[in-house]
Amino acid sequence: MTSVHPRQDARILHKQCRSLLKIANEVSLIVADGLGDQNAAGIAIHDVGAPHSRVGRIWHTIRKIYSKALGLDADIYHFHDPELCAVGLLLKRHGYKVIYDVHEDYPLKVYQKHYLPRNCRGLLSAAVRIAERWCSSRFDSIVAATPEIGKFMQVANPRTVTVKNYPVVEEFLSQVEKKWEEREEAVVYAGGLMKEKGIDKCVQALEICHSAARMHLAGKFVNQNFKQGLEQTPGWKKVEFHGYLDRKRLGRLYGKCRIGIVTLQPIPSYVVSLPVKMFEYMAAGLPVIASDFPLWKEIVEAKHAGICVNPADPSEIADAIDHLLKNPITAEGMGRNGRRAVLEEYSWASQEKVLIESYRKCIS
């Protein structure tokens, strides 16, 4: 169940739902996007309709999700948004098994809510943490997306497991077969397009690159004013914007490029995150330019799979781009190292086992 994520969410639909088909007779996904009901390769998608506002999502959408969930009479309910904790608690009262999937450190994310008054964020963050822990202690299992989140949630519920958001390697295997010299001298970024993701720093870096670097940008802009501001900068001339791409088209885009970039800004919730795009780039055989967060450096630099930079410094980003484009043998070697690391250590196959085992414990 999700009230926020799109039906094509990689973690929810393409990984978890498809993995659960291996052990379940039926897998259903309840969403709120207004696109209607659908059968997606054996997964029944039930749409309760898109909310018209944030308030509408909280009051009306959540009630609709609860009603739809009750009607399905499932053995296990697995929800992905903290606002659905109330739904989870009500389902528990009916005797159902309930799993809460914690994608992010939501109390920390309160500090990123620019529409909230600054002097209220600390108090609200503390309230969110207390409420989340109280609710979590009552669920049958907690699934955490990162070890750091798992550590926090373990305090509330000892039945916490960490299921990292690693890629489905098979989606990207075909891309590594393309010859390096046939790829464009281009950088790719795919994901949420917002200032916190460092998109503006990447575009600024393109302005000062000495190489012929271009950038492919895939995803949706959260703020149209931010997009319009970027379009007025000199570096935007070197950007090809694709909008949202499905999994197949995204894989083909990775196959065209020579570098994957993920220079998220040093916001507390990002510093301890494991961005799936970084692992997707590695799976596609791309060397990675990543933020120099300690956790990320342990992956990218330790595996010799790319370069870590200060994400707030466009000149460092530009230097890394130039280095990888001017040294294709080095870049291709880093891409091979990254792909090998994903195959050996960072693939969804390893996390699927943890997820399935947590379900079996729920129903045993």
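Structure: see above.
Below or above, wherever it landed, is the structure these notes cover.

Rules used throughout
Residues numbered from 1 in each chain as written. Predicted model: local features only at pLDDT ≥ 70, side-chain atom pairs only at ≥ 80, totals over all residues. Heavy atoms only, no water. Salt bridge = Lys/Arg side-chain N within 4 Å of Asp/Glu carboxyl O. Helix = DSSP H or I, 4+ residues; strand = E, 2+ residues; numbered from the N terminus. Buried < 20%, exposed > 50% of the residue type's maximum accessible area, 1.4 Å probe, protein only. Pairing = 2+ DSSP bridges. Axes fitted to C-alpha atoms, helices over the stretch in contact; angles between N-to-C directions. Right-handed = clockwise from strand over helix to strand, strands pointing away. Contact = heavy atoms within 4.5 Å. Polar contact = N/O pair within 3.5 Å; in protein donor to acceptor, adjacent residues only side chain to side chain.

## Describing the pattern of salt bridges
Across all of its chains, the model carries 15 salt bridges by this definition. In this structure, K22 and E352 form a salt bridge, with 3.0 Å as the shortest nitrogen-oxygen distance. Here the residue K22 occupies a position in the loop between α1 (10–20) and β1 (27–31), and E352 occupies one in helix α15 (residues 348–363), the gap between them amounting to 330 residues. Overall, the relative accessible area of 60% leaves K22 in the exposed class. Where K195 meets D200, a salt bridge forms, and the shortest distance between an N and an O atom there is 2.9 Å. The exposure class assigned to D200 is buried, which follows from its relative accessible area of 7%. Put simply, E171, R247, K277 and E280 are held in one network by salt bridges that share partners.

## Description of the sheet that holds strand β10 (residues 239–243)
Overall, parallel pairing links the six strands, which are arranged β10-β9-β8-β11-β12-β13 in an open sheet. Edge positions in the sheet fall to β10 and β13 (306–309), since each has one partner strand and no second. Along the sheet, successive strands turn relative to each other by an average axial angle of 20 degrees, direction set aside. Bridging between strand β9 (residues 214–218) and β10 involves four bridges; their strand directions are parallel.

## So, the pairing of strand β5 (residues 97–102)
Burial analysis of β5 places five of its six residues in the buried class, which makes it a mostly covered element. Bridge analysis of strand β4 (residues 76–79) against β5 gives four bridges, and the strand direction is parallel. Its bridge partner being in β5, Y77 is matched across the sheet by V98. Between the parallel pair β4 and β5, the chain is carried across by helix α3 (residues 85–93), and the sense of this crossover is right-handed. By the bridge criterion, four bridges tie β5 to strand β6 (residues 141–144) in an arrangement that is parallel. Each bridged residue has a counterpart across the sheet, and for D101 the counterpart in β6 is V143.

## Focus: the environment of H242
Within the secondary structure, H242 sits in strand β10. Judged by relative accessible area, which is 26%, H242 ranks as partly exposed. C-alpha of H242 to C-alpha of K220: the two residues are 22 residues apart in sequence and 9.1 Å apart in space. Every residue in contact with H242, bar those within four places of it in the chain, is listed here: H216, L217 and L253. Polar side-chain contacts of H242 include one of 2.8 Å to the side chain of H216.

## With respect to the sheet that holds β6
By way of backbone hydrogen bonds, the strands of a sheet pair with one another, either parallel or antiparallel. Here we have four strands laid out as an open sheet, ordered β4-β5-β6-β7, and parallel in their pairing. What marks the edges here is a single partner per strand, and that holds for β4 and β7 (160–162). Across this sheet, the average inter-strand angle for adjacent strands is 20 degrees, counted without regard to direction. Strands in contact with α15 are β4, β5, β6 and β7; relative to β4, the strand with the most contacts, it is inclined by about 135 degrees.

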